[in-house]
Amino acid sequence: MPRIQRPIPITLLAWFAMLGWDFLLHGGLLARFYVADDPVLLSPLEAFQRIPLGYASFLMLAVLLVWLMPRFELKEGRAAFGFGVKIGALLWGSFVLGLVSIVRFDILLGAGWFIGQTLGLGIGAVVVQQAAAASNLKRVTFFVVLFFIVCASITVILQSTGLAPALIIAP
C-alpha cells in the first residue's frame, strides 16, 4: 500500500465503521454486562456522558491504522483485516490484561472487550485498505454507511426483542 493520499477522509471512514461495530458490540452483544450492578462499571448515565471519550479513543486508533498500514504491503481486504486483527489483539490484549491485573470485573466481559475490539480494528483496517486503493471514495463511503446502518439496526432489533437489554439513562 503506497502513501495514503486522502488521510483525513479515510481516517474518518475507518472511524465511522469502527463506531458502527462498537454500537453493536456494546449496545447489543455485551449490553447485559452494563445493566448488572457492578461496582467497577459506571452508572448508565455516567457511561453515556463519557461516550465521546470512547469515540475519541477509536478516532486515535483509526489514525494509528492510517499511519501504520502504508508501511506494509496490504493489497487486499483479507490481508488488511489480518493486520488489523493482529494489531487489535496486541493492543486490546494488553489493555484487558492490565485491567485484569488491578480491577475486579467479569472475565467474560473482558473476553468480550478483547474479541470485539480486536475485530473492530480488523474492520477499520479493511476500510483503510479499501479506501486507500480506491480512486474515488463514493463506493467505500456507501459500504461504510451501509455497515453502520446494519450494525445499528441489529442493535435496535436485539434491544426491541429483549435479546439485549436497553439501558435506561436516568439522572
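Analysis parameters
- The numbers attached to residues start from 1 for each chain and follow its sequence in the written order.
- With the structure being a predicted model, the display of local features is reserved for residues of pLDDT at least 70 and the display and counting of side-chain atom pairs for 80 or more, all residues being used for whole-chain, interface and lining totals.
- Water and hydrogen atoms play no part in the side-chain values, which are based on all heavy atoms of the structure.
- Fitting a line to C-alpha atoms yields each axis, with helices limited to the stretch in contact; the angle taken between N-to-C directions then spans 0 to 180 degrees.
- A run of H or I in DSSP becomes a helix once it reaches four residues, and a run of E becomes a strand once it reaches two; helices and strands are each numbered from the N terminus.
- For classification purposes, angles smaller than 35 degrees are called roughly parallel, those larger than 145 roughly antiparallel, those between 65 and 115 roughly perpendicular, and all remaining angles oblique.
- Each crossing is labelled by how the near helix is turned from the far one, with a counterclockwise turn of less than a right angle marking it left-handed and a clockwise turn marking it right-handed.
- What makes two residues a contact is simply this: any of their non-hydrogen atoms within 4.5 Å.
- Polar here means any residue outside two lists: the nonpolar Ala, Val, Leu, Ile, Met, Phe, Trp, Tyr, Cys and Pro, and the charged Asp, Glu, Lys and Arg; Gly therefore counts as polar.
- A 1.4 Å probe that fits into a set of points on a 1 Å grid over the protein atoms alone but cannot get out defines a cavity; an open set with protein on both sides within 12 Å along at least five of seven lines defines a pocket, and lining residues are those with an atom within 4 Å of a point.
- Grid points are joined across faces, edges and corners, and a volume is the space filled by probe spheres set on the points.

Draft legend 1. Expanded view of the packing of helix H6 (residues 107-133) against helix H7 (residues 138-160). Across the interface, H6 lies against H7 with an axial gap of 10 Å and an inter-helix angle of 160 degrees. The orientation of H6 relative to H7 falls into the category roughly antiparallel. Considering the relative orientation of H6 and H7, their crossing is right-handed. Residue-level contacts link Ile-123, Val-127, Gln-130 and Ala-131 of H6 to Val-140, Val-144 and Phe-147 of H7. Split into classes, the residues belonging to the contact of H6 with H7 amount to six nonpolar, one polar and no charged.

Draft legend 2. A look at the layout of surface pockets. By volume, the largest pocket is sized at about 1200 Å³. Together, 32 residues line the largest pocket, and Asp-22, His-26, Tyr-34, Ala-47 and Ile-51 are the ones closest to its centre. Within the residue set of the lining of the largest pocket, elements represented by two or more residues are helix H1 (7-29), helix H2 (31-34), helix H3 (44-49), helix H4 (51-68), helix H5 (77-100), H6 and H7. Tallying contributions element by element places H4 first for the lining of the largest pocket, with six residues. Partitioned by chemical class, the residues of the lining of the largest pocket number 23 nonpolar, seven polar and two charged. Here the second largest pocket is characterised by a volume of approximately 200 Å³. Lining the second largest pocket are Ala-17, Phe-81, Ile-123, Val-126, Val-127, Gln-130, Arg-139, Val-140, Phe-143, Val-144 and Phe-147.

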